[in-house]
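Summary of structural features
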Amino acid sequence: MQLEVGKILEGKVTGITKFGVFVDLGEGKTGMVHISEVASTYVKEIRDFVNDGETVQVKVLSISEDGKIGLSIKQAKPPEPPAPRQQHGRDRQPYNRDRGSFNRDRQNNYPPASRMDSFEWKGKGGRAQSGNASFEDMMSKFKQTSDEKMSDLKRVIDTRRGSANRRGGGVPR
């Protein structure tokens, strides 16, 4: 039997350690399956997935110059289809009152493209922003607005801390 990288073979489990599984490939050749290549899920205990003496299919990942053979059990299996997503909390589809059932069509959850294209950004005070402003201008305006909001927030927080200290409560500085 000629070993080649990528070839899928059958072998018998001869040893299990905390870091992997040793598999006898026949003709006196033994390879090792690292714990990360045992299953497509997290493996805490290897014995939950394979047993001594069990025949397993393995894929040859590597053959080093000193004769060590790297194997994989999870890559020898065909890929599993993804599990269906569970609908929980905010992922749940909104109730469509017109139809009287849950809206299964995700694209109905967003405004039509025509409404999105005609949207006009408005600055402070409800004034429309000029449509030909450069990206740098928009970013500087955003930064200025953000700095104003942060300073307002800090002022409110400092005012609350100050009033708490005058009453004798709060955390001393």
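Numbering of residues starts from 1 in every chain and runs along the sequence as written. Whole-chain, interface and lining totals are the exception, using all residues; otherwise, since this is a predicted model, local features are given only for residues with pLDDT of at least 70 and side-chain atom pairs are given and counted only at 80 or more. With hydrogens and water set aside, each side-chain value is computed from the structure's full complement of heavy atoms.

Helix and strand labels come from DSSP, where a helix needs a run of H or I of at least four residues and a strand needs a run of E of at least two; each type is numbered from the N terminus. Here S72 is to be found in strand β5 (residues 69–72). Placed 66 residues apart in sequence, S72 and G6 show a C-alpha to C-alpha distance of 10.0 Å. In this structure S72 touches V33, E37, Q57, V58, K59 and L61, once residues within four positions along its chain are discounted. A 3.5 Å cut-off defines polar contacts: any pair of N or O atoms within that distance qualifies, except that in protein one atom must be a possible hydrogen donor and the other a possible acceptor, and neighbouring residues in sequence count only when both atoms are side-chain atoms. Side-chain polar atoms of S72 contact the backbone nitrogen of K74, separated by 3.5 Å. For S72, the side chain forms a polar contact with the main-chain nitrogen of Q75, separated by 3.0 Å. Contact definition: two residues touch when any of their heavy atoms are within 4.5 Å.

Relative accessibility decides the category of a residue: with a 1.4 Å probe and only protein chains considered, values under 20% of the type maximum give buried, values over 50% give exposed, and everything between is partly exposed. Classification of S72 as buried rests on a relative accessible area of 0%. Engagement of the side chain of S72 in a polar contact is seen with the side chain of E37, the distance being 2.6 Å.

Let us look at the pattern of salt bridges. A side-chain nitrogen of Lys or Arg and a carboxyl oxygen of Asp or Glu constitute a salt bridge if their distance falls within 4 Å. Tallied over the full model, the rule gives 3 salt bridges. When the shortest N-O distance is used, the salt bridge between K143 and D147 registers 3.1 Å. Linking K143 with D147, this pair stays in helix α2 (residues 135–167), spanning 4 residues, or about one helical turn.

Our focus in this paragraph is the nonpolar core. One recurring pattern in soluble globular proteins is that nonpolar side chains are buried together. The definition of a nonpolar core used throughout is a set of buried Ala, Val, Leu, Ile, Met, Phe, Trp, Tyr and Cys residues joined through side-chain atoms within 4.5 Å. With 20 residues, the main nonpolar core has V21, V23, L25, V33, I46, V58 and L71 as its most contacted residues. Beyond its immediate stretch of four places on either side in the chain, V23 contacts G11, K12, V13, T14, K29, T30, G31, V33, V56, V58 and L71.

Side chains of β5 alternate between two faces, with I69 and L71 and G70 and S72 buried alike. DSSP calls a pair of strands paired once it identifies at least 2 bridges connecting them. As judged from the 3 bridges shared by strand β3 (residues 29–34) and β5, these two strands associate in the parallel manner. Of the residues in β5, the one forming a bridge with V33 is L71. Examined bridge by bridge, strand β4 (residues 55–63) and β5 share 4 bridges and lie antiparallel to one another. Residue pairing in the sheet places K59 in a bridge with S72 of β5. Linking two consecutive strands that pair antiparallel, namely β4 and β5, is a turn of 5 residues; a positive phi of about 95° is found at G67 within it.

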